[in-house]
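# Remarks on the overall topology
Take a look at the letters that make up each chain.
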Amino acid sequence: MERPLRIGIIAGEHSGDILGAGLIKAIQKYHPNAVFEGIAGPRMKALGCESKFAMEELAVMGVFEVLPKLRRLFAIKREIVQHFIDSPPDVFIGIDAPDFTLRVEKQLKDAGIKTVHYVSPSVWAWREKRVFKIGDATNLVLALLPFEKAFYDKHDIPCQFVGHTLADELPLENTQSDARKSLSLTEQDTVLAVLPGSRGSEVSILSEPYLNAVKQVKQRLPELKILVPLVNEKRKAEFQQAATKIAPEIDFILLDGQSREAMAAANAVLLASGTATLECMLLKTPMVVGYKFKALTYHLLKTFFTFNIKYFSLPNLLADKPLVKELFQNELTAENLAPQLLALLCEDQTQLIQEFHEMHQSLKLDASNQAAIAVLKLIKAL
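These remarks concern the structure in this document. (Residues numbered from 1 in each chain as written. Predicted model: local features only at pLDDT ≥ 70, side-chain atom pairs only at ≥ 80, totals over all residues. Heavy atoms only, no water.)

### Section: the nonpolar core
Counting 87 residues, the largest nonpolar core has Ile-39, Ile-93, Tyr-118, Leu-142, Val-269, Met-281 and Met-287 as its most contacted members. With 7 residues, helix H18 (residues 367-378) is the largest single contributor of residues to this core. If we ignore the near neighbours within four places in the chain, the residues touching Leu-142 are Val-116, His-117, Tyr-118, Val-119, Ser-120, Gln-160, Val-162, Ala-371, Ala-374 and Val-375. In terms of nonpolar packing, the next biggest core, distinct from the first, is built from 35 residues, Leu-206, Ala-272, Leu-332 and Ala-334 among them. (Core = buried A, V, L, I, M, F, W, Y, C linked by side-chain atoms within 4.5 Å. Buried < 20%, exposed > 50% of the residue type's maximum accessible area, 1.4 Å probe, protein only. Helix = DSSP H or I, 4+ residues; strand = E, 2+ residues; numbered from the N terminus. Contact = heavy atoms within 4.5 Å.)

### What about the sheet that holds strand S6 (residues 140-143)?
A sheet is described by the order of its strands in space; here 7 strands give the open sequence S3-S2-S1-S4-S5-S6-S7, paired in parallel fashion. Only two strands of the sheet have a single partner each, and these edge strands are strand S3 (50-54) and strand S7 (159-161). Between one strand and the next, the sheet's axes are offset by a mean angle of 20 degrees, whatever the strand orientation. Across 5 bridges, the pairing between strand S1 (residues 6-11) and strand S2 (residues 35-40) is parallel. Note on S2: the bridge partner recorded for Arg-6 is Val-35. Across the sheet, H18 is in contact with strand S4 (91-95), strand S5 (115-118), S6 and S7; its angle to S5 comes to roughly 165 degrees. (Pairing = 2+ DSSP bridges. Axes fitted to C-alpha atoms, helices over the stretch in contact; angles between N-to-C directions.)

Pasting the structure below:
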């Protein structure tokens, strides 16, 4: 009887657990008896993955939050590496969380174990030389975005573009009507969604230019409905405090989460950078992307890091052209934002929406299955 495939796998946070579960399910279609172990979240464990440690122990953000937990993190790394060296899997897969998983991958690869890194770090944007460390640590990188593969190809590091799971999850057709019904909006409403970020620092920095821009837009479009999805009560209180100070005359529709519904329901979206811009594109909603750092942070970033990108929003990076308007740092003012938002709300955006649709199709590749095939081909198990 053939020995079941044995796969080591680590996910370090909620998003990694989702990707890991999709990958495990896809591999199980080809190898139903495959054994999975490592560090897993609830979705991966529900599919039979044995977790040697709680995933929450790895989900630490920020320098000051990490410092007190460094000893424990190093101990977990030592134990998990030793476990797999003593009992080698057919392949080891590290999902995102590069500060932890790449270190594990490097030691396991040095020990002769095939390693895969799923979700490329943003080395294409900054710290480009880190790409060689990724190459040293892995036999294969699984990239969610096509320009990432082009970057690794340039450096002769094996990489497979598998598509994006978010593109698989969201329908190609427009869902605005359903989203509006769920939020008690009508088809006739003109709707702007404002997403000032999920972190307290983002809400504190972005609320002022966002709110002042919304005031100008509202003066031109008095019937405008403004949706503001906020991730938790703390962010909601912070935004409310800023809105009371800057735009007390506006009745914002504050939502508990529901950012996807808000973006789908809107005629236009004002939002910070990050994965939300990709989600907004996949929902086929026109957007303006506005972001800034605190002045000191921005000065330090410019001093110590070299950025290698023309754009900072994912739709523009994917299109390799200024498909959506980006306003960054000193450009992020109400005077610059308001005209851009008014254009999206008042002018025909059919061409932009069609481009969003085509980009969605290019990313909708059944990513979990593509990732599974790439992993199994690497170890000649397909």
